[in-house]
Amino acid sequence: MQEEEAVVWQGNFIAAKTRGKWEYVSRTRGMHAAVILAIDEDDHVILVEQYRVPIGRPCIELPAGLVGDGAVDEDAPTAAARELEEETGYRAAHMEVIGEFHSSPGMVSESFTLLRAHGLERVGPGGGTVGENITVHRVPLSAIGDAIAGWRAQGLAIDVRMLALLGGALIASHAA
């Protein structure tokens, strides 16, 4: 039998909840995120850098945004296309749904849908909406490990989803 969920505190966007001994956070409007893996025809990955208040520093991330932030009946591919263009200035010919994932399921109930952007075309500067101050990075996949090490040395945070880009190299270095 599952214990009852209790809301301990609720703000405009998040709620702190308990269920038995577990404490966790969820979004108040039940939204989830769309995260975009965008690799262009030259094997460069499109990344974003933005300041994140909870960690107090800029973070290197895959482009992402909330599903439903653009329209109530928005689906993940539509949100991903919108967010990719807003944040990076790239438009995708097609969004492929990879699947749903949970980044920190012991603390946050939020999930995200990972999508792969195909047929990228640069249509604008990116940078996000007013106040987001997003910096766009286009990095060769072959140099992603060095790029991440460099950003880390500069004091930038690295989002957990960057492991999708490091995965093969991490596994190969372990097997050697």
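Each remark here, short or long, concerns the structure printed above.
Residues numbered from 1 in each chain as written. Predicted model: local features only at pLDDT ≥ 70, side-chain atom pairs only at ≥ 80, totals over all residues. Heavy atoms only, no water.

(A) How the structure looks around the sheet that holds strand 4 (residues 33–38). As summarised here, the arrangement of the four strands in space is 7-4-10-9, forming an open sheet in which the pairing is mixed. Two strands close off the open sheet at either side, each with one partner strand: strand 7 (64–66) and strand 9 (94–101). The mean angle between the axes of side-by-side strands here comes to 25°, regardless of whether they run parallel or antiparallel. Direction of pairing for strand 4 relative to strand 10 (residues 112–118): parallel, over a ladder of six bridges. Bridge pairing in strand 10 links I36 to L115. Helix 1 (residues 76–88) rests against strand 4, strand 7, strand 9 and strand 10 of the sheet, and its axis sits at about 60° to strand 4. (Pairing = 2+ DSSP bridges. Helix = DSSP H or I, 4+ residues; strand = E, 2+ residues; numbered from the N terminus. Axes fitted to C-alpha atoms, helices over the stretch in contact; angles between N-to-C directions. Contact = heavy atoms within 4.5 Å.)

(B) Broad picture of unusual backbone geometry. Here the phi dihedral of D43 falls at roughly 60°; this positive angle occurs in a residue that is not glycine. Inspection of the secondary structure puts D43 in the loop between strand 4 and strand 5 (44–52). If you check the backbone angles, N133 has positive phi at about 50° while not being a glycine. With respect to the helices and strands, the residue N133 is situated in the loop between strand 11 (121–122) and strand 12 (135–140). Residue class for N133 comes out exposed when judged on its relative accessible area of 63%. (Buried < 20%, exposed > 50% of the residue type's maximum accessible area, 1.4 Å probe, protein only.)

Interpretation note: all reported values are geometric properties and have no functional meaning in isolation.
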